[in-house]
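The lines below spell out each chain.
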Amino acid sequence: SQTIHQWPATLVQPVGSPLSLECTVEGTSNPNLYWYRQAAGRGLQLLFYSVGIGQISSEVPQNLSASRPQDRQFILSSKKLLLSDSGFYLCAWSRQGAWGEAFFGQGTRLTVV
Amino acid sequence: DQQVKQNSPSLSVQEGRISILNCDYTNSMFDYFLWYKKYPAEGPTFLISISSIKDKNEDGRFTVFLNKSAKHLSLHIVPSQPGDSAVYFCAALRNGYALNFGKGTSLLVTP
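What counts and what doesn't
Residues numbered from 1 in each chain as written. Chains lettered and ligands numbered in written order. Predicted model: local features only at pLDDT ≥ 70, side-chain atom pairs only at ≥ 80, totals over all residues. Heavy atoms only, no water. Phe/Tyr/Trp six-rings, centres within 6.5 Å; stacked < 30°, edge-to-face > 60°. Helix = DSSP H or I, 4+ residues; strand = E, 2+ residues; numbered from the N terminus. Buried < 20%, exposed > 50% of the residue type's maximum accessible area, 1.4 Å probe, protein only. Contact = heavy atoms within 4.5 Å. Buried area = accessible area lost by both parts, 1.4 Å probe. Salt bridge = Lys/Arg side-chain N within 4 Å of Asp/Glu carboxyl O. Polar contact = N/O pair within 3.5 Å; in protein donor to acceptor, adjacent residues only side chain to side chain. Nonpolar A, V, L, I, M, F, W, Y, C, P; charged D, E, K, R; others polar. Pairing = 2+ DSSP bridges. Axes fitted to C-alpha atoms, helices over the stretch in contact; angles between N-to-C directions. Disulfide = S-S within 2.5 Å.

**Q** Go over the packing of aromatic side chains, please, and point to the residues and values.
**A** Each aromatic ring pair is specified by the distance between its two centres and by the angle formed by the two planes. One pass over the structure, following the stated rule, counts 12 aromatic pairs over all chains. When the centroid spacing of 6.2 Å and the interplanar angle of 25 degrees are considered together, the rings of A:Trp35 and A:Phe74 count as stacked. Taken as a pair, A:Trp35 in strand E4 (residues 32-38) and A:Phe74 in strand E8 (residues 73-78) lie far apart in primary sequence, 39 residues in all. By relative accessible area, A:Trp35 is classed as buried at 0%. Each ring, one from A:Tyr36 and one from A:Phe104, has its centre 5.6 Å from the other, and the planes form 45 degrees; the classification is tilted. Here A:Phe104 lies in strand E10 (residues 103-104) and A:Tyr36 lies in strand E4, a separation of 68 residues in the sequence. By relative accessible area, which is 0% here, A:Tyr36 ends up buried. Of the aromatic side chains, those joined through ring pairs into one cluster are A:Tyr34, A:Tyr36, A:Phe104, B:Tyr36, B:Phe46, B:Phe89 and B:Phe101.

The structure is reproduced here in structure tokens:
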């Protein structure tokens, strides 16, 4: 069966510090991978998606970047965090060519102080 | 620009009654729609979906209706149960992989 791992679960970082959130998927190959953010009082916002290694599409311009160094690994990064980067970050995957459901990780609660 | 809109941030329904959650979209390129359920501090879980070639899909107590001409879909939960209390997200798919979510509707089912 497929599983998705996302870590850490919670993170408190000072403004200006770097960020690296990691997500890995097991039990499938060549998945579509996604990073979402849920800011306080707001819905789920798609940040990045990837259909293959090294292929990253950004949905919104921002202080964050994403990379996919391996087929089942998706990393969300920032060189310098802003207060506005605080939120609940979710990694997700879906099958290539499949219409529909994405499977989400448990999320990372990021607080920038 | 919010292409998927859930205009009701919250909804309260009595146990046993029908819950109706609404969703509107603006992008006519969306061709697959999904509903997710989310509890606090957890990732969303898939609930039900519908292709744009259909107008209704049913799964147990959950039914999703799609009105393409109005760019509107709705999720009906009948009968509602206290365990259904959660945030429900409407999502739309384009190009097969880019999910766009609405802001969610918080459903509270009271005993």
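**Q** How would you explain the interface of chain B and chain A if you had to name every residue and give the values?
**A** The accessible area lost on association of the parts is a frequent measure of interface size. Counting residues at the interface gives 21 residues for chain B, matched by 21 residues for chain A. Buried area between chain B and chain A, both sides added, is near 1800 Å², and the carbon and sulfur share of it is 61%. The interface formed by chain B and chain A includes 0 salt bridges. Remark: the boundary between chain B and chain A carries 2 residue pairs in polar contact (both at pLDDT 80 or more). Taken together, the elements giving at least two residues each to the side of chain B that touches chain A come down to strand E4 (32-38), strand E9 (86-94) and strand E10 (98-101) of chain B. When the residues that make up the side of chain B that touches chain A are grouped by side-chain class, the tally is 12 nonpolar, 4 polar and 5 charged.

**Q** I'd like to hear about the pattern of salt bridges, residue by residue, with values.
**A** Residues and elements named next belong to chain A. Taken as a whole and judged by the stated rule, the model has 4 salt bridges over all chains. One salt bridge in this structure joins Asp-85 and Arg-37, with 3.8 Å as the shortest N-O distance. You can see Asp-85 sitting in the loop between E8 and strand E9 (87-94) and its partner Arg-37 sitting in strand E4, a full 48 residues away along the chain. Judged by its relative accessible area of 4%, Asp-85 is buried. By relative accessible area, which is 12% here, Arg-37 ends up buried. Between Arg-68 and Asp-71 there is a salt bridge, with the nearest N and O atoms lying 3.2 Å from each other. We classify Arg-68 as buried; its relative accessible area is 3%.

**Q** Just give me the short version of the sheet that holds strand E3 (residues 19-25) of chain B, but keep the residues and values in it.
**A** All names here are of chain B. Pairing in this open sheet of 5 strands is antiparallel, and the strands run E1-E3-E8-E7-E6 from one edge to the other. Lying at the two open borders of the sheet, with one neighbouring strand each, are strand E1 (4-5) and strand E6 (56-59). Note that E6 and strand E7 (residues 62-67) share 4 bridges and pair antiparallel. Bridge pairing links Lys-56 to Phe-65 in E7.

**Q** Kindly report on the sheet that holds strand E3 (residues 19-26) of chain A, identifying the contributing residues and their values.
**A** Residues and elements named next belong to chain A. Pairing is antiparallel in the open sheet, where 4 strands are placed in the order E1-E3-E8-E7. Each edge of the sheet is formed by a strand with only one pairing partner; in this case those strands are strand E1 (3-7) and strand E7 (65-70). Going across the sheet, the axis of each strand differs from the next one's by a mean of 20 degrees, ignoring polarity.

**Q** Give a detailed account of the pairing of strand E6 (residues 55-58) of chain A, specifying residues and quantitative values.
**A** Residues and elements named next belong to chain A. Looking at chain direction, strand E5 (residues 44-52) and E6 are connected through 3 bridges and run antiparallel. Each bridged residue has a counterpart across the sheet, and for Phe-48 the counterpart in E6 is Ser-58. The antiparallel pairing of E5 with E6 creates a hairpin that spans 2 residues between the two strands, and Gly-54 there sits at a positive phi of about 75 degrees.

**Q** Kindly report on the state of the cysteines, identifying the contributing residues and their values.
**A** All names here are of chain B. Taken as a whole and assessed by the stated rule, the structure comprises 2 disulfides over all chains. Each sulfur in the disulfide pair Cys-23 and Cys-90 lies 2.0 Å from the other. Between Cys-23 and Cys-90 the sulfur-sulfur dihedral comes to about -75 degrees; the bridge is accordingly left-handed. One end of the pair, Cys-23, is in strand E3; the other, Cys-90, is in strand E9, with 67 residues separating them in the sequence. Per residue, the accessibility class of Cys-23 equals that of Cys-90, and both read buried.

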